[in-house]
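# Working through the structure, step by step
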Amino acid sequence: MERISKRLGCALAALTLLLCAGCAGTASGTEGADAPAETARRAETPEELYARALEEDVLVVYTVSTRVTAVKESFEAAYPGLCVEVRDLRSPDLIDAVEKNHAEGLAACDVVLCNDNSGDFKERLVDTGVVVPYLPEDIAPHMKEGLSGGVLPFVYEAELLFYDGGGFDACPIDNLWALTEERWRGRVYMPNPLRSFSTYAFCGATFEHCGELEEAYRDYAGRELSVPEGSSAAAVFWERAAKNIVFTNSSDEVAEALGNGDAAFGVMVSSKLRLRGVGYALEPVWRLEPFAGCRTSCAAMLAADARNVNCAKLFLRFLLGEADGAGAGGEPFRTPGTWSARDDAADGTDVPLTEIDLIVPDQERLIARRQELERFWTEVLKENTAGRS
Amino acid sequence: MKGRLVPVLLLLSLLAGGCAPETRPEPLRVAIPDSDHVQNPDTNYYVNWLEERTGLELEFVTIRRRDGEEYLDALFASDAEVDAVLFGDGFTIPEGALRRFAEAGELSPGEDGTFYYANYGDSVRHGPGQILWINCEWLGALGLSLPRTTEELRDVLRAFRTRDPNGNGVADEIPLAGSADDYACQPAELLLNSYVYNDPYHSRLTLSGGERKTAASENAFREGLAFCAALYREGLLDARAYERRASQLAELVNSPENLVGAFTTDSVSAVIYQGNPEILARYMHVAPLRGPHGAQNALYVEREPSVGAIIPARSKRQDDARRLLDTMLSEEASLIARYGEQGVDWEFSDGSDVSIYGGASTVVTKNYLWNTPQNKHLNGIGPMRVREEYLEGVTWNGVNSDAEYIDARARTSCRPYLPESGVFAERDEALSDYLDAAVRDFITGKREIGSDAEWNEYLSGLDALLRR
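Note on numbering: residues in each chain are counted from 1, in written sequence order. Each chain gets a letter, beginning with A, and each ligand a number, beginning with 1, in the order they are written. Confidence filtering applies because this is a predicted model: local features only for residues at pLDDT of at least 70, side-chain atom pairs given and counted only at 80 or more, and all residues used for totals across whole chains, interfaces and linings. Water and hydrogen atoms were dropped before computing side-chain values, which therefore reflect all heavy atoms in the structure.

Quick look at empty space enclosed by the protein now. All names here are of chain A. Note on definitions: the grid is 1 Å and covers protein atoms alone; a cavity is a set of points where a 1.4 Å probe fits but cannot get out; a pocket is an open set with protein on both sides within 12 Å along at least five of seven lines; lining residues have an atom within 4 Å of a point. Grid points are joined across faces, edges and corners, and a volume is the space filled by probe spheres set on the points. Overall, the coordinates contain 7 cavities of 30 Å³ or more when judged by the stated rule. Approximately 430 Å³ is the volume found for the largest cavity. Lining the largest cavity are 26 residues; nearest its centre among them are V64, S198, S251, V269 and K272. By definition, any uninterrupted DSSP run of H or I lasting at least four residues is a helix, any uninterrupted run of E lasting at least two residues is a strand, and each is numbered from the N terminus. Listed by contribution, the elements that provide at least two residues to the lining of the largest cavity are α7 (197-206), α10 (251-259) and β10 (293-303). Either an automatic procedure or a domain database provided the assignment from which the domain bounds are taken. Looking at which domains feed residues into the lining of the largest cavity, each of domain 1 (2-155 + 298-340) and domain 2 (156-296 + 351-385) supplies at least three. Estimates place the volume of the second largest cavity at around 130 Å³. Lining the second largest cavity are 13 residues, with F154, L319, G330, R334 and S340 sitting closest to its centre. All amino acids are sorted into three groups, where Ala, Val, Leu, Ile, Met, Phe, Trp, Tyr, Cys and Pro are nonpolar, Asp, Glu, Lys and Arg are charged, and the leftover types, Gly among them, are polar. Within the lining of the second largest cavity, the residues separate by chemical class into 8 nonpolar, 3 polar and 2 charged.

Here it is as structure tokens:
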């Protein structure tokens, strides 16, 4: 009954928010309210934030992770009277939506949780001030990398190669180039890199590691890689591998294909390892020549147009695990395939990031090469998805 | 005196000319259902496009009812002047129910004798028609895997019933819920497909060499019924699955109390409300279960078009109404009706995207409008005919909780288990009634599935119906 009342309260609050929005037009923020950018650096206790948050409306969170729905549940339980609405979007669509809202002066969201690896997030939302970081003073010393380029990563993941553990006792390859062999045609699944930021980051980052790819090819084939004029080892690799790859919309589809045995290999975000919990035989490839994937991270930021600044800050504190890192808000992100962004909180994965063959995308390079990479992938995708039904 | 009157008369005539009624034709009066997804029909992009294309001015009459039959009864009992009635977005009428109005001469027939304009659907028209959805929060809480076989499903359902997966300390869990309103919502129909191909929409009939054959007389069918009856006896299969309305099933599944372990449906949006990402994230689809003898089938359906619009026979503007509705069925109009404004909300794909069904894309959505409050189209209200290549080739909008994408993934997982096409017999209503009652009675224990006498009696009745 108590839960029903709370839901009713949330619904009424949401209605109030809508009515207020209707009455107030679409102006960003509220006159006299704290502006997020100005208050983001203030030291505030959770108690102070909670008291002020109770005066605010329903908190709106734009996220790329379905796990945030679990954070919402525990946040609403920890802070009675506060309500959270979660909008779960894929990274490119999230950035489009936040950017569009900002351009139109719509204060539509308060907190933004997004994959920040392709450079799009930084370039379009961080560098333009559409979102701002909020790092509480008592939590800051525990963040492994603090604010990285104005972005606050709250969890590390990887875009990683997996194999079907139901079909193979051990990983059947030890070199990335083996994925280009014809025997794997239609058995390698990967999200469309032009629609998945973490996949784009991995694919793009390989172009910065062509030397390693050439060396790996030498080990694999026993001869030098022939790279056509104007091309690169990465381009050659992907052009060959794409003939075997089934491109998907999301990592969920990759996990399903591995889970039901359709895929022998899949490139996907490492946090899908948690789907082993429902019986998918997903086996991560930790070691592979020259690399098995790339490190990725998710950023937690305040929307510059946030209406509910105090509630947003309280939510971000909660998500970061509060002062001691042990808070319930971080729990949904301590799952297999994740690594903590804090030095005082346990990773969700037994194998440390340092023991995995990962490359780290250089966002500035990805931004600089975007047109070239998009052109390349558009052609590769056209060639390898046409005629599929 | 006369001289003074002249300018006065001139002035009056000018004024009279200025006040003369315009010669524009009366607007066409179109009744459309109230919809949360259409902000204002008068300023709607699609409506404006239709007005421009047809040269007609449209005036909308809002329908507040949800039952199309009730509305038409009220309309034809009144003097209300309406030139066309549009159906959709929850306001529906079965084709059979329309026949009464046609026979009474209330509906204007088309040249081909049909008395309604069809809505050929807003989603893929053929493919898997029943999906099992399971509560993955409960699986996670209990450390269980997605079931792959009927036996594994039974184990999971037992755990759901006995181990308090919603954690409230009360044995209030419904392991496998259902509804009587549609075969797709009856879990037993899905489970039977793990024993023998079971298509209740076609009276469980197939054609073999032109002869009608039924799966319902096979031992595998009996074995499947026995499995379902055992689930029912154990309290694993919803005791009210043959009574509950679809809306009640939806209320249960959407309950914040987290009460339902699994359910079946054609589309997840038929049970889980859109805009409810927490509930949508709670359920995962399950690929067709393998039965004890290896049978693993997915139900194949071809979705019939629904009633999209009618023209009342008493309308004085029937030709204009027909022009409007014919225009709505054109490809250009239908693409606007489904996806919004070309170039702004969607565009034709250059082939570099992946569709929601995994193939090459044909339509890329830029602003995803379907089932959201918007003012670009009528959210499926009225006749429309979008080609299958677009419905199947549309890209994902990136929203994880989008029902169309969730359905597409689920249906894709069923495709390897669909039967070969061209083996379907026509539905036989008398046979369906007989079989539906028998399935229900054997599962709920009114008839004893283990009794050879009762089974033979059932087979005799079945044989008589097949021989008619």
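Working note: non-glycine residues mostly have negative phi, and peptide bonds are mostly trans. With an omega dihedral of -5°, the bond running from A:E289 to A:P290 counts as a cis peptide bond. For A:P290, the position within the fold is in the loop between β9 (282-284) and β10. We note that A:E322 has phi near 60°; this positive angle belongs to a residue other than glycine. Mapped onto the secondary structure, A:E322 falls in the loop between α11 (309-319) and β11 (339-340). Positive phi, close to 50°, is recorded for B:N379, a residue that is not glycine. For B:N379, the location among the structural elements is in the loop between β15 (363-365) and α13 (388-393).

This part is about the layout of surface pockets. Space inside the second largest pocket adds up to approximately 1,400 Å³. The wall of the second largest pocket is formed by 44 residues, among which A:T69, B:C136, B:E137, B:A281 and B:R282 lie closest to the centre. Contributions of two or more residues to the lining of the second largest pocket are made by α4 (68-78) and α10 of chain A together with α5 (136-142), α10 (277-282), β11 (283-286) and α14 (403-414) of chain B. Of the residues belonging to the lining of the second largest pocket, the class tally is 18 nonpolar, 12 polar and 14 charged.

Only rings of Phe, Tyr and Trp enter the pairing, Trp through its six-membered ring, and a pair is recorded when the two centres are within 6.5 Å. The plane angle decides the type: under 30 degrees is stacked, over 60 is edge-to-face, the rest tilted. Under the defined criterion, the tally for this structure stands at 36 aromatic pairs over all chains. Plain terms: the ring middles of A:F75 and A:F315 are 5.1 Å apart, the flat faces sit at 75° to each other, and that makes the pair edge-to-face. With A:F75 in helix α4 and A:F315 in helix α11, this residue pair connects regions lying 240 residues apart in the sequence. Both residues of the pair, A:F75 and A:F315, count as buried. Aromatic pair B:Y434 and B:Y458: ring centres 5.9 Å apart, planes at 0°, arrangement stacked. Placement of B:Y434 in helix α15 (residues 429-444) and of B:Y458 in helix α16 (residues 452-467) is noted, with a sequence separation of 24 residues between them. Cation placement over rings: the criterion is NZ of Lys or CZ of Arg within 6 Å of the ring centroid and within 35° of the ring normal. When the ring centre of B:Y45 is taken as reference, the NZ or CZ atom of B:K376 above it lies at 5.9 Å. Type-normalised accessible area, obtained with a 1.4 Å probe on protein chains alone, sets the label of each residue: buried when under 20%, exposed when over 50%, and partly exposed for intermediate values.

The next point concerns the domain arrangement of chain B. Assigned domains within chain B: domain 1 (28-123 + 305-395) and domain 2 (130-297 + 413-467). The gap between the C-alpha centroids of domain 1 of chain B and domain 2 of chain B is 34 Å.

Let us look at the packing of helix α9 (residues 233-242) of chain A against helix α13 (residues 370-385) of chain A. Geometrically, a packed helix pair is captured by the angle between its two axes and the distance between the axes. Residues and elements named next belong to chain A. Helix axes use the C-alpha atoms of the stretch in contact, all axes being lines fitted to C-alpha atoms, and the angles between their N-to-C directions lie in the range 0 to 180 degrees. Taken N-terminus to C-terminus, the directions of α9 and α13 make an angle of 20°; their axes are 10 Å apart at the nearest point. Of the possible angle classes, the one that applies to α9 and α13 is roughly parallel. The element α9 and its partner α13 pack so that their crossing is right-handed. Across from A235, W238, E239 and A242 in α9, the residues of α13 making contact are F376, W377, V380 and N384. A breakdown of the residues in the contact of α9 with α13 according to their chemical character gives 6 nonpolar, 1 polar and 1 charged. An angle below 35 degrees is read as roughly parallel, one above 145 as roughly antiparallel, one from 65 to 115 as roughly perpendicular, and any other as oblique. By convention the crossing between two helices is left-handed if the near helix lies anticlockwise of the far one by an angle smaller than a right angle, and right-handed if it lies clockwise. Note on definitions: a residue-residue contact is assigned when non-hydrogen atoms from the two residues lie within 4.5 Å.

All names here are of chain A. The first and last C-alpha atoms of helix α8 (residues 210-221) sit 16 Å apart over 12 residues, in line with the 16 Å expected at 1.5 Å per residue. What α8 keeps buried is the set C210, L213, A216 and Y217. The arc that holds every buried residue of α8, seen down its axis, measures 120°, which confines them to one face. Buried residues along α8 sit against α7 and α9. Downstream of α8 by one or two residues, G222 has phi in the positive range, about 75°. One less than the number of residues in a helix, times 1.5 Å, gives the span that helix is expected to have. By definition, the arc is the one covered by directions from the helix axis to the C-beta atoms.

Further remarks concern the sheet that holds strand β10 (residues 260-265) of chain B. Paired through their backbone hydrogen bonds, the strands of a sheet run either parallel or antiparallel. Residue and element names in this part refer to chain B. Two strands form a pair only when DSSP identifies at least two bridges running between them. As summarised here, the arrangement of the 4 strands in space is β7-β10-β6-β11, forming an open sheet in which the pairing is mixed. At either margin of the open sheet sits one strand with a lone partner, and together these are β7 (174-177) and β11. Neighbour to neighbour, the strand axes of the sheet diverge by 20° on average, direction disregarded. Summarising the sheet, β7 and β10 pair through 3 bridges and their orientation is parallel. Each residue of the ladder has a partner; that of I174, found in β10, is V260. On the sheet, helix α6 (residues 150-162) packs against β6 (131-135), β7 and β10 and is oriented at approximately 40° with respect to β6. Across the face of the sheet, α14 comes into contact with β6 and β11 while running at roughly 115° to β6.

Attention now moves to the pattern of salt bridges. It is possible for side chains of opposite charge to pair when their charged atoms get near one another. Residues and elements named next belong to chain B. One side-chain nitrogen of Lys or Arg within 4 Å of one carboxyl oxygen of Asp or Glu is enough to make a salt bridge. All chains considered together, the criterion is met by 64 salt bridges over all chains. With a shortest N-O distance of 2.9 Å, R245 and D181 are connected by a salt bridge. Here R245, found in the loop between α8 (219-233) and α9 (246-253), pairs with D181, found in the loop between β7 and α7 (187-192); they are 64 residues apart in sequence, far enough to count as distant. Judged by relative accessible area, which is 48%, R245 ranks as partly exposed. Owing to a relative accessible area of 40%, D181 belongs among the partly exposed residues under this scheme. In this structure, D319 engages R322 in a salt bridge whose closest nitrogen and oxygen atoms are separated by 3.9 Å. One end of the pair, D319, and the other, R322, are both in helix α11 (residues 318-328), 3 residues apart, so they sit about a helical turn from each other. Residue D319 is classed as exposed on the basis of its relative accessible area, which comes to 62%.

What follows deals with the pairing of strand β8 (residues 265-269) of chain A. All names here are of chain A. Across the 5 residues of β8, 5 count as buried, placing the element largely inside the fold. Of the pairings in the sheet, the one linking strand β5 (residues 153-164) to β8 comprises 5 bridges and is antiparallel in character. Within the sheet, the bridge partner assigned to L160 lies in β8 and is M268. Sheet topology places strand β6 (residues 188-191) next to β8; 2 bridges connect them, and they run parallel. Across the sheet, Y189 pairs through a bridge with G266, a residue of β8.

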